[in-house]
Amino acid sequence: MVGLDAVKQPAPGVARQGRAVRVLHVTECWGSGVASAVHAYIKATPDHDHWLLMAHDPADPLLGEGDLLRGLRVFADGHLARIRDVAAAYRETRPDIVHAHSSYAGFYVRSCPPVPKERIIYTPHCYAFERTDVGLPVRYGFRLAEALLAPRTGVVAAVSPREAELAVRLRGRQRVVYVPNVVPDVPPAPDARSRSEFVAISVGRICAQKDPAFLAAAARSGDPSTRWVWIGDGDPALRRVLEDAGVVVTGWLAREQVLALLGTADVYVHTASWEGAPVSVLEAVGAGLPVVARDIPALRSLGVPDLVATPAECARAVRDLRDDLRREAAGRRLADALTGHTPHHQAARLAHAYTLALSPA
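Here's a quick rundown of the structure. (Residues numbered from 1 in each chain as written. Predicted model: local features only at pLDDT ≥ 70, side-chain atom pairs only at ≥ 80, totals over all residues. Heavy atoms only, no water.)

### Description of helix α8 (residues 255-262)
An α-helix turns once every 3.6 residues. As a result, residues three or four positions apart point the same way.
So, point 1. Inspection of α8 places Val-258, Leu-259 and Leu-262 among the buried residues, and these make up the whole buried set. Viewed end-on, α8 has its buried residues packed into an arc of 95°, placing them on one side of the element.
So, point 2. Packed against the buried residues of α8 are β9 (198-203), β10 (226-231), β12 (267-270) and α9 (279-286). (Buried < 20%, exposed > 50% of the residue type's maximum accessible area, 1.4 Å probe, protein only. Helix = DSSP H or I, 4+ residues; strand = E, 2+ residues; numbered from the N terminus. Arc of directions from axis to C-beta. Contact = heavy atoms within 4.5 Å.)

Below you can see the structure in the form of structure tokens.
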């Protein structure tokens, strides 16, 4: 395990005296969505001591987590090495709870014998067996792995009703709590009528999950006067697919810049083919934007309205939102569907999950 300097040294004996719960967050997938979710969990439990073990990609922003973390460590390369890293971090930080974020982190933590099962919180941020870019045998393998590891899970803190339902199906006596992601406060978008162009924005890593080819096809069949923008970066070949379709790709930006660009958009477009509970959609809602999103089980379970099934439908939906009345109506439907995604509700549900982990099963 490669160590970084501790961001803050924990006060001596705090966790041992019961004044604070010590949480070790573990993730190998420190992308924008997972990072935003972890950041929100830390803010939701400010009385706890939070530590982070992560695999850091230099292209991914750290979102200023140094202001909130007690300390941070970076994974070594290799699956076995990372299981050993979990054991070392567990011995070093002596956490009351180990919170694993994403599928591989869930594998590393639950495969680490020193970590007590009942103290493990697992947030898949979308189960790997939901992937559509791999064949059925691989998906079956992912599901089998989750079923085998379920008995080593204390609590699943699911980010969507869909994820909670899948966790319940896995059995293994793991307790399940739905912990919603949060609609953040974002500077409101300016009046679209004051600008000559109509802007459709997407945010995320350019990868198979986000299906940039779907967006590229929509852009090709959309209104020529619409400016399509993708905030993020990733696979070079998939980036070229976007750019060849006329989509502007910004590359990775700081979170503040992302939110500022959302404030210049007219509509947010989400084309992922599988998801947990995308933070970028919630950020768009916080910016007051209508959302055109692909019809997938996770978004259906969240109640996101007006979902589309094809690139052509996506292009038509974006074009329809040029009408002010339709934009306002779509925005209202979306905001009404996501009223429970508040910091207060998230904090209460996360506190319940942590209490379960600290209580006898």
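### With respect to the nonpolar core
So, point 1. Residues Ile-121, Ile-201, Leu-262 and Tyr-268 are the most contacted members of the largest nonpolar core, which totals 43 residues.
So, point 2. The dominant element in this core, judged by the number of residues it contributes, is helix α13 (residues 343-357), at 5 residues.
So, point 3. Among residues more than four places away in sequence, those in contact with Leu-262 are Ile-201, Val-203, Tyr-268, Glu-283, Ala-284, Ala-287 and Leu-289.
So, point 4. Counting 29 residues, the second-largest nonpolar core is a separate cluster that includes Leu-53, Ala-100, Ala-105 and Val-115. (Core = buried A, V, L, I, M, F, W, Y, C linked by side-chain atoms within 4.5 Å.)

### Considerations on the environment of Ala-298
So, point 1. Along the polypeptide, Ala-298 turns up in helix α10 (residues 297-302).
So, point 2. Separated by 23 residues in the primary sequence, Ala-298 and Glu-275 have C-alpha atoms spaced 6.0 Å apart.
So, point 3. In this view, Ala-298 contacts Arg-162, Glu-275 and Gly-276; residues no more than four positions away in its chain are not counted.

### Considerations on the packing of helix α6 (residues 212-221) against helix α7 (residues 236-244)
So, point 1. Running from N to C, α6 and α7 cross one another at 10°; their axes reach a closest spacing of 8 Å. The orientation of α6 relative to α7 falls into the category roughly parallel. Of the residues in α7, those in contact with Pro-212, Ala-213, Leu-215, Ala-216 and Arg-220 of α6 are Leu-238, Val-241, Leu-242 and Asp-244. (Axes fitted to C-alpha atoms, helices over the stretch in contact; angles between N-to-C directions. Parallel < 35°, antiparallel > 145°, perpendicular 65-115°, else oblique.)

### Here we look at the side chain of Arg-175
So, point 1. Following the sequence through the fold, Arg-175 ends up in strand β8 (residues 175-178).
So, point 2. The buried charged residue Arg-175 lacks any salt bridge, with Glu-118 as its nearest oppositely charged partner at 7.4 Å.
So, point 3. Within the local environment of Arg-175, its side chain forms a polar contact with the backbone oxygen of Leu-356, the two atoms lying 3.2 Å apart. (Lys, Arg positive; Asp, Glu negative; His and termini not counted. Salt bridge = Lys/Arg side-chain N within 4 Å of Asp/Glu carboxyl O. Polar contact = N/O pair within 3.5 Å; in protein donor to acceptor, adjacent residues only side chain to side chain.)

### A short note on a nonpolar patch on the surface
So, point 1. Taken together, the side chains of Tyr-140, Leu-144 and Leu-148 make up a nonpolar region of the molecular surface, amounting to roughly 350 Å² of accessible area.
So, point 2. The residue Leu-144 is located in helix α4 (residues 136-149) in this model.
So, point 3. Owing to a relative accessible area of 40%, Leu-144 belongs among the partly exposed residues under this scheme. (Patch = residues over 30% accessible without salt bridge, like charges linked within 9 Å, V, L, I, M, F, W, Y side chains within 5 Å. Areas by Shrake-Rupley, 256 points an atom, 1.4 Å probe, with all protein chains shown as cover.)

### Quick look at the packing of helix α2 (residues 79-93) against helix α3 (residues 103-110)
So, point 1. Their axes nearest at 8 Å, the elements α2 and α3 cross at an angle of 65°. Relative to α3, α2 is oriented so that their crossing is right-handed. Two secondary-structure elements touch here, α2 through His-79, Arg-82, Ile-83 and Val-86 and α3 through Tyr-104, Phe-107, Tyr-108 and Val-109.
So, point 2. Taken together, the residues of the contact of α2 with α3 sort by class into 6 nonpolar, 1 polar and 1 charged. (Left-handed = near helix turned anticlockwise from the far one by under 90°. Nonpolar A, V, L, I, M, F, W, Y, C, P; charged D, E, K, R; others polar.)

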